[in-house]
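# Observations on the model geometry
Chain by chain, the residues:
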Amino acid sequence: MGSNPATLPQPATEAGAEGLAALLAAPGSAVVALDFDGTLADIVPDPEQARAHPGAVEALGALAPHLASAVVVTGRPASVAVEYGGFAGAPGLERLVVLGHYGAERWDAATGTLQTPPPHPGVAGARAELDDAVRRFAPGQEVWTEEKGQSFAVHTRRAADPDAAFAALRAPLRDLAVRHGIVLEPGRQVLELRPPGMDKGAALTAYARETGARTVAYAGDDLGDLAAFDAVDALRAEGRTGLLLSSGTATAALTARADLALDGPSAVVAFLTALAARLGGDA
């Protein structure tokens, strides 16, 4: 791809440097996992308009053939991430896996198949009470509900005061989730209600064990990605190596834990491009 290997950013931590070195030495034993929104795609006011950052699919397509696997781990439905990412049929991504709904769904590029569980009844019950909760606790605020099938998300970024609307709704929606046996997942100006037992950490751990990966790299940008960071730390404690990448600086807790902080999706794409170039032997 014509990149100079010297341009590959270096981790700031010893554990991250070890993880990157192991990935470069034995990429066939490594999994590179990435969140979608805020990591492979820029955050936009309307989530339905999110698309993979220019160059993301090309970079992944150049990198993935060197790896045990590349995987996208997202709160979105897997089929939506595939569509918005432009992953289906992309050169080099024949073995890409997309774990949607925090791992509850799975799409395999190799077969084009989508595996999805039956919906949790608590999601429908909570959804039926949502509009009343919004009217009571955030009257007049322009919030938008994203229907995800297995879950739903309440976005406040369109409101006149997004942070105030988020704060006003957080506790009531947490109580709503508890009553219906589901969980609340807060993010950047978004509150998602989803079934229990679904998180990126569990999904990533299961996938790492399935593939037998000795090195696991993960890139994310939001609170929901902290579980994946925890999973990589746990895999390190088992004797594997790992690399934690943060995208952007909006989630301070994630940035503080990252081995390598990247300045948003454009920098993530640049990192993937440089990594593919190094593995491909480009000078």
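These lines cover the structure that appears in this document, whether it is placed above or below. Remember, predicted model here, so these are calculated numbers, not experimental data.

Turning our attention to the environment of S29. Looking at where S29 falls in the secondary structure, it is placed in the loop between α1 (14–25) and β1 (30–34). Those residues in contact with S29 that sit more than four places away from it in its chain are A68, A213, R214 and T215.

As a rule of thumb, non-glycine residues mostly have phi less than zero, and peptide bonds are mostly trans rather than cis. If you check the backbone angles, Y102 has positive phi at about 60° while not being a glycine. Mapped onto the elements, Y102 comes out in the loop between β3 (97–100) and β4 (105–108). You can call Y102 buried: its relative accessible area is 8%. Even without glycine at this site, Q189 takes up a positive phi of about 55°. Residue position: Q189 is located in the loop between β8 (183–187) and β9 (190–194). Residue classification places Q189 among the partly exposed positions, given a relative accessible area of 28%.

Attention now goes to the sheet that holds strand β12 (residues 260–262). Spatial ordering of the open sheet is given by β5-β4-β3-β2-β1-β10-β11-β12, a layout of eight strands whose pairing is mixed. Taken across any chain shown, the strands that pair with only one partner, and hence form the sheet edges, are β5 (113–115) and β12. Looking at each pair of strands side by side, their axes are set apart by 20° on average, direction ignored. The pairing of strand β11 (residues 241–247) with β12 spans three bridges and is parallel. Bridge pairing in β12 links L245 to L260.

Core analysis: the largest hydrophobic core is formed by 43 residues, its most contacted members being L40, F87, V98, F271 and L272. Here the element with the most residues in this core is helix α9 (residues 265–280); it accounts for nine residues.

With that out of the way, let us pick up the pairing of β9. Most of β9 is tucked away: five of the five residues are buried. Strand direction decides the pairing type here: strand β7 (residues 152–155) and β9, joined by four bridges, are antiparallel. The residue bridging F152 from the neighbouring strand is L193, located in β9. Note: β8 against β9, five bridges, orientation antiparallel. Bridge pairing in β9 places E185 opposite E192. Between the end of β8 and the start of β9, which pair antiparallel, lie two residues, with Q189 showing a positive phi angle near 55°.

Within this structure, the stated rule accounts for two aromatic pairs. Where F36 meets F87, the ring centres are 6.3 Å apart and the plane angle is 85°; that geometry is what we call edge-to-face. Taken as a pair, F36 in the loop between β1 and α2 (56–63) and F87 in the loop between α3 (78–85) and β3 lie far apart in primary sequence, 51 residues in all. Considered together, F36 and F87 belong to a single accessibility category, that of buried residues. Centre to centre, the rings of Y218 and F229 are 6.3 Å apart; their planes meet at 90°, and the pair counts as edge-to-face. With a gap of eleven residues between them, Y218 in strand β10 (residues 215–220) and F229 in helix α7 (residues 226–237) connect regions that are remote in the sequence. Assigned by exposure class, Y218 and F229 land together as buried. In this structure, R127 is placed above the aromatic ring of F152, and the distance from its NZ or CZ to the ring centre is 5.9 Å. The side chain of R194 reaches across the aromatic face of Y102, ending 4.2 Å from its centre.

Cut-offs and rules
- Residues numbered from 1 in each chain as written.
- Predicted model: local features only at pLDDT ≥ 70, side-chain atom pairs only at ≥ 80, totals over all residues.
- Heavy atoms only, no water.
- Helix = DSSP H or I, 4+ residues; strand = E, 2+ residues; numbered from the N terminus.
- Contact = heavy atoms within 4.5 Å.
- Buried < 20%, exposed > 50% of the residue type's maximum accessible area, 1.4 Å probe, protein only.
- Pairing = 2+ DSSP bridges.
- Axes fitted to C-alpha atoms, helices over the stretch in contact; angles between N-to-C directions.
- Core = buried A, V, L, I, M, F, W, Y, C linked by side-chain atoms within 4.5 Å.
- Phe/Tyr/Trp six-rings, centres within 6.5 Å; stacked < 30°, edge-to-face > 60°.
- Lys NZ or Arg CZ within 6 Å of the ring centre and 35° of its normal.

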